[in-house]
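Tertiary structure, described
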Amino acid sequence: MTRTLSLALAALLATSGAASAQEKFTFALNWFAVGDHAAYWVALDKGYYKAKGLDVTLENSKGSGDSIAKVDTGRADAGLADAAVVIASVGRSTTVKTVGMVFDKTPLNIFSLKEKPLAKPKDLEGKTLAAPPGDSQRQMFPAFAKANGIDPAKVSWVNIEPAAKIAALAEKRVDGVGDYSTGLPLYEKAAGKDTVVMMPWADFGFDMYSMSIIASAKTMKDKPKALKDFLEASYMGWRDVMADPKAAMEILKKRVPEVDVEVMTPNMMIGLGLMKTDRYAKNGIGWIDEKKMCDSVDLVNTYMGLPKKVECKDVYSTEFFTKVAMPN
């Protein structure tokens, strides 16, 4: 009898251990931790990933090109990357797809200083701009240039590490820097309040899909449930950020102590402004609109000179999306 009870207890413990086992899941950010990454730390801190059986690791990257490479080669299960760079990568035979959006509006932008402003596209000719080779602004610039009649041969690009962008502009080593509009508070901290000029690409006819969550064919095939659960938990994190930005920033600061709350709070709020759209209100946070995605693909095909035409169906999937409603 005792032996039977012992065996039953052992079986129960084994079953309990299996149920509580967490599946490792690596998520490649597109940069170091900033305010518009807060949702993933919120989901981590509140146990949303753990509740779905996921042991999530958040890993920094050096731009969209870097995060795509990590996901495509299996060094990460999913990642953050600009949709335009994802589309271009598919044209170069990567296996990644966008499986959910983050920003519904594009944050693509060029920063400059007010004393030497780059306010319109033609102002870029004869100037020196800085960005990492894999950065979305850098990779999409040929499309932006063609769409606005800029001669790309008259624009010089300097390779730079992501963390060096702000200093390069503030110290006037370059005329402009390609970076998301969400970065404005960081640039103003370094260069001074009201000294930084933005050139949002959306203001010049270039409103296409931008920051997205991506996965490789391998992840989609081998970890479909984990991917679906990760997406849902992440959008739950975004829902909570929208509902209580202050609490979200407190969590980010707790998890990433080096975060400057004074700078990253407005950074996060600019990001939220790119997400509070009628499309997300109707369909849920992160919803992919087929027409907008296919228009984005057409733009990349038209302007980026890819080695082969990319088909819209090959760059995204809604199979792993679960609706998470925006807060009231």
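Summary of the structure given here. These numbers were taken from a predicted model, which means no experiment stands behind them.

**Quick notes on the state of the cysteines**
Applying the stated criterion across every chain, the model contains one disulfide. A disulfide bridge connects C294 with C312, and the sulfur atoms are separated by 2.1 Å. On the sign convention where negative means left-handed, the S-S torsion of about -90° between C294 and C312 marks this disulfide as left-handed. Remark: C312 occurs in the segment after α14 (290–303) and C294 occurs in helix α14; sequence separation between them is 18 residues.

**Details of α14**
Between its first and last C-alpha, α14 extends 20 Å over 14 residues, near the 20 Å set by a 1.5 Å rise per residue. Taken together, the buried positions of α14 are K292, M293, S296, V297, L299, V300 and N301. At the N-terminal end of α14, a side-chain oxygen is found 3.3 Å from the backbone nitrogen of K291, two or three residues along, and the residue is D289. In the stretch just after α14, G305 is the one whose phi turns positive, near 60°.

**Remarks on helix α8 (residues 184–191)**
Residues of α8 that are buried include every one of L184, P185, L186, Y187 and E188, and no others. Structurally, α8 contributes buried residues whose contacts are with β5 (109–113), α7 (165–170), β8 (176–178), β9 (196–200) and α12 (261–273). Phi turns positive, to about 115°, at G192, one or two residues after α8.

**Looking at the pairing of strand β10 (residues 211–215)**
Within a regular strand, the side chains alternate between the two sheet faces. Counting buried positions along β10 yields five of five residues, so the element is predominantly enclosed. A two-sided burial pattern is seen for β10, the buried positions comprising M211, I213 and A215 on one face and S212 and I214 on the other. Relative to β10, strand β3 (residues 78–82) runs antiparallel, the two being bridged by five bridges. Counted as the bridge partner of L80 is I213 from β10.

Cut-off values and rules
- Residues numbered from 1 in each chain as written.
- Predicted model: local features only at pLDDT ≥ 70, side-chain atom pairs only at ≥ 80, totals over all residues.
- Heavy atoms only, no water.
- Disulfide = S-S within 2.5 Å.
- Helix = DSSP H or I, 4+ residues; strand = E, 2+ residues; numbered from the N terminus.
- Expected span 1.5 Å × (residues − 1).
- Buried < 20%, exposed > 50% of the residue type's maximum accessible area, 1.4 Å probe, protein only.
- Polar contact = N/O pair within 3.5 Å; in protein donor to acceptor, adjacent residues only side chain to side chain.
- Contact = heavy atoms within 4.5 Å.
- Pairing = 2+ DSSP bridges.

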